[in-house]
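Architecture at a glance
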Amino acid sequence: MKDFDELVVHDYLLNENLPPHSEVDGYDFGSGEFNIFILNDQPTQTLRAAEKTIGHYHPQQTLKAAYRELG
């Protein structure tokens, strides 16, 4: 339940603070981690905004990011 609560907070914060060209598209969680999927066409700018947003909420949290082109 704690993981889900954290996921909800991150989802809300990202929806409020990501650039307009970004959209939180879904998520999953388990095994002590969760993933948030964000659709966008500017991954570098979106990653910086996500890092800044999550960093304000959890400064010591370890983040990993990956991206792939759609199509």
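Summary of the structure given here. As the structure is a prediction and not an experimental result, all values here were calculated from the model.

**What to know about the environment of E23**
If you trace the backbone, E23 turns up in strand β1 (residues 23-30). Taking the C-alpha atoms as reference points, E23 and K2, 21 residues apart in sequence, are found 24 Å from one another. If we skip the residues at most four places from it in the chain, E23 touches F37, I38 and L39.

**What to know about the environment of A66**
Here A66 shows up in the segment after α2 (43-57). Here the alpha-carbon distance between A66 and P43, two residues 23 residues apart in the chain, equals 9.1 Å.

**So, helix α1 (residues 2-17)**
In this model, α1 (16 residues) spans 23 Å end to end at C-alpha, consistent with the 22 Å of a helix rising 1.5 Å per residue. For α1, the complete set of buried residues consists of E6, L7, H10, D11 and L14. Taken down its axis, α1 places every buried residue within 140 degrees of arc, on the same side. Residues of α1 that are exposed and point over 90 degrees away from its buried face: K2, Y12 and E16. Along its buried surface, α1 packs onto β1, β2 (33-39) and α2.

**Considerations on the pairing of β2**
Where β1 lies against β2, 7 bridges are found, and the strand directions are antiparallel. Considered in β2, the bridge of F29 is made with F34. Once β1 ends, the chain turns through 2 residues before running back antiparallel as β2, passing S31 with a positive phi of about 55 degrees.

**Topic: the environment of I36**
Residue placement: I36 occurs in strand β2. The sequence separation of I36 and A65 amounts to 29 residues, and the corresponding C-alpha distance is 9.7 Å. Residues within four places of I36 in sequence aside, it is in contact with L7, H10, L14, V24, G26 and Y27.

**Notes on the nonpolar core**
The biggest cluster of nonpolar side chains holds 6 residues, and these are L14, L18, V24, A49, A50 and I54. With 3 residues, the single largest contributor to this core is α2. Discounting chain neighbours no more than four positions away, the residues touching L14 are V24, I36, I38, A50, T53 and I54.

What counts as what
Residues numbered from 1 in each chain as written. Predicted model: local features only at pLDDT ≥ 70, side-chain atom pairs only at ≥ 80, totals over all residues. Heavy atoms only, no water. Helix = DSSP H or I, 4+ residues; strand = E, 2+ residues; numbered from the N terminus. Contact = heavy atoms within 4.5 Å. Expected span 1.5 Å × (residues − 1). Buried < 20%, exposed > 50% of the residue type's maximum accessible area, 1.4 Å probe, protein only. Arc of directions from axis to C-beta. Pairing = 2+ DSSP bridges. Core = buried A, V, L, I, M, F, W, Y, C linked by side-chain atoms within 4.5 Å.

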